[in-house]
Amino acid sequence: MTILDGKRIAADIRRELKEQISRRRASAGDKQTIGNRCPKLGIVIVGHNPASETYVTNKMKACAEVGIEAERIAFEDTITQEQLLAEVQRLNNDPSFDGFIVQLPLPAHISEQTITAAIDYRKDVDGLTPENVGRAAKGLPCIISATPRGIRELLSRYHISTDGKHVVVVGRSNIVGKPMASLLMQKHETGNATVTLCHSHTTNLKQVCLTADILIVAVGHPGLITADMVAEGATVIDVGITRIEDPNSPKGYRLAGDVDFDNVAPKCAYITPVPGGVGPMTIVSLLQNTLQAYGHTL
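Note that the coordinates shown come from a computational prediction; the quantities given were computed from them, not determined experimentally.

What counts, and where the lines are drawn
Residues numbered from 1 in each chain as written. Predicted model: local features only at pLDDT ≥ 70, side-chain atom pairs only at ≥ 80, totals over all residues. Heavy atoms only, no water. Helix = DSSP H or I, 4+ residues; strand = E, 2+ residues; numbered from the N terminus. Rg over C-alpha atoms; globule rule 2.2 N^0.38 Å. Areas by Shrake-Rupley, 256 points an atom, 1.4 Å probe, with all protein chains shown as cover. Lys, Arg positive; Asp, Glu negative; His and termini not counted. Charge placed at Lys NZ, Arg CZ, Asp CG, Glu CD. Axes fitted to C-alpha atoms, helices over the stretch in contact; angles between N-to-C directions. Parallel < 35°, antiparallel > 145°, perpendicular 65-115°, else oblique. Left-handed = near helix turned anticlockwise from the far one by under 90°. Contact = heavy atoms within 4.5 Å. Nonpolar A, V, L, I, M, F, W, Y, C, P; charged D, E, K, R; others polar. Pairing = 2+ DSSP bridges. Core = buried A, V, L, I, M, F, W, Y, C linked by side-chain atoms within 4.5 Å. Buried < 20%, exposed > 50% of the residue type's maximum accessible area, 1.4 Å probe, protein only.

## Description of the overall build of the chain
- Across its full length, the chain holds 10 helices and 11 strands.
- Radius of gyration (C-alpha) of the chain: 19 Å, near the 19 Å computed for a compact globule of 298 residues.
- Taken along the three principal axes of its C-alpha coordinates, the chain extends 60 × 45 × 40 Å.
- Here the chain displays about 14100 Å² of accessible surface, and carbon together with sulfur accounts for 52% of that area.
- Separation between the mean location of the 31 positive side-chain charges and that of the 32 negative ones in the chain comes to 5 Å.

This is the structure we're talking about:
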């Protein structure tokens, strides 16, 4: 059994990105081109959700490490949807920002779908706009959703082939499940898989999971996948991460994935830990997407 170390792979990619950005700026010299400034990312956060605050802090640290300028743009949760839409339009039109994200979740009175749809797809470094999702599904040039991109990168760097394999994706979210399934079935070196997408209405989940060569789980249900649901020699990618109260932990909580790691891991050829698996890959994919937007390759 091999642990898929997303933390280590993400560190490798950050070093590569730092070198790419440095080389691009050096080659630009004094020319009046985009290359003679740092890439710039805007991170919009609304309210004071503790998890969101942590995610934003981690994203800003990662940006600083590779040479991406990151600007945190914070609003109270009393902001109206119209005011937030106005900020999105400002960032769409500001040429100093190569890309930006609106950190989710948003307060209940603001439609995440409306806000996401208003982002210019060329600056959508989370890869969540209808344009980017649709272009990804058709195999057109686009910015790929950060978590699916990170999973695909992790599989590639560990030389885990998806060609002809049966991949079961548990979870049909617009952020992970749907785009992940779409990417894996495409004609691509990290695609060409036969994909089954499961969700809360799948009545024979255990039986379907047992047929998976590669099992990707993203539902936010701690311990959902147990050992009797996983075939010997499978690869398991656990996207779930949930805080569970734990008085024995210094922080008062621990992080749990959707997979019962201790009991499932011995059956696997490869498995991601939680934390330290998919999470770091999602953040580094955001950096890759920002560099892509910086290069105006769409």
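On we go.
## A few points about unusual backbone geometry
- For the peptide bond that leads from L104 to P105, omega is 5°, which places it in the cis range.
- Positionally, P105 belongs in the loop between β4 (99-102) and α4 (112-117).
- Note the cis peptide between V274 and P275, where omega equals 0°.
- Positionally, P275 belongs in the loop between β11 (270-271) and α10 (278-294).
- Look at H159: it is not a glycine, yet its phi comes out positive at around 55°.
- With respect to the secondary-structure elements, H159 resides in the loop between α6 (146-157) and β5 (166-170).
- At N192, a position not held by glycine, the phi torsion is positive, near 60°.
- In this structure, N192 sits in the loop between α7 (177-184) and β6 (194-198).

## Concerning the packing of helix α2 (residues 50-66) against α10
- At a minimum axis distance of 10 Å, the contact between α2 and α10 shows a crossing angle of 50°. Taken together, α2 and α10 sit at an angle that is classed as oblique. As α2 runs across α10, the sense of the crossing is right-handed. Together, N58, K59, A62, C63 and V66 of α2 and I283, L286 and L287 of α10 make up the contact between the two elements.
- Of the residues in the contact of α2 with α10, the class split is 6 nonpolar, 1 polar and 1 charged.

## A few points about the sheet that holds β11
- Taken in spatial order, the 6 strands line up as β1-β11-β8-β7-β5-β6 in an open sheet, and their pairing is parallel. A strand with exactly one partner marks an edge of an open sheet, and here the two such strands are β1 (2-3) and β6.
- Bridge analysis of β5 against strand β7 (residues 214-217) gives 4 bridges, and the strand direction is parallel. Across the sheet, V169 pairs through a bridge with I216, a residue of β7.

## A short note on the sheet that holds β4
- What the 3 strands build is an open sheet, ordered β3-β2-β4; its pairing is parallel. A single partner strand is all that each edge strand has here, and the edge strands are β3 (69-75) and β4. Strand-to-strand twist in this sheet, taken as the mean axis angle between neighbours without regard to direction, amounts to 15°.
- Here 7 bridges tie strand β2 (residues 40-46) to β3, and the two strands are oriented parallel to one another. Bridge pairing in β3 places K40 opposite E69.

## Let's talk about the environment of D120
- Position of D120 among the secondary structure elements: in the loop between α4 and α5 (130-137).
- In this structure the C-alpha to C-alpha distance between D120 and F100, which are 20 residues apart in sequence, comes to 9.4 Å.

## What to know about the packing of α6 against α10
- Taken N-terminus to C-terminus, the directions of α6 and α10 make an angle of 105°; their axes are 7 Å apart at the nearest point. Taken together, the axes of α6 and α10 lie roughly perpendicular to each other. Contact residues: A146, T147, R149, G150, I151, E153 and L154 in α6; V278, M281, T282, S285, L286, Q288, N289 and Q292 in α10.
- For the contact of α6 with α10, the class distribution of residues is 6 nonpolar, 7 polar and 2 charged.

## Re the nonpolar core
- Counting 42 residues, the largest nonpolar core has I151, I216, I237, V239 and L287 as its most contacted members.
- Per-element tally for this core: the top contributor is α10, with 9 residues.
- In this structure, V168, C198, L215 and V217 belong to the second largest nonpolar core, which totals 19 residues.

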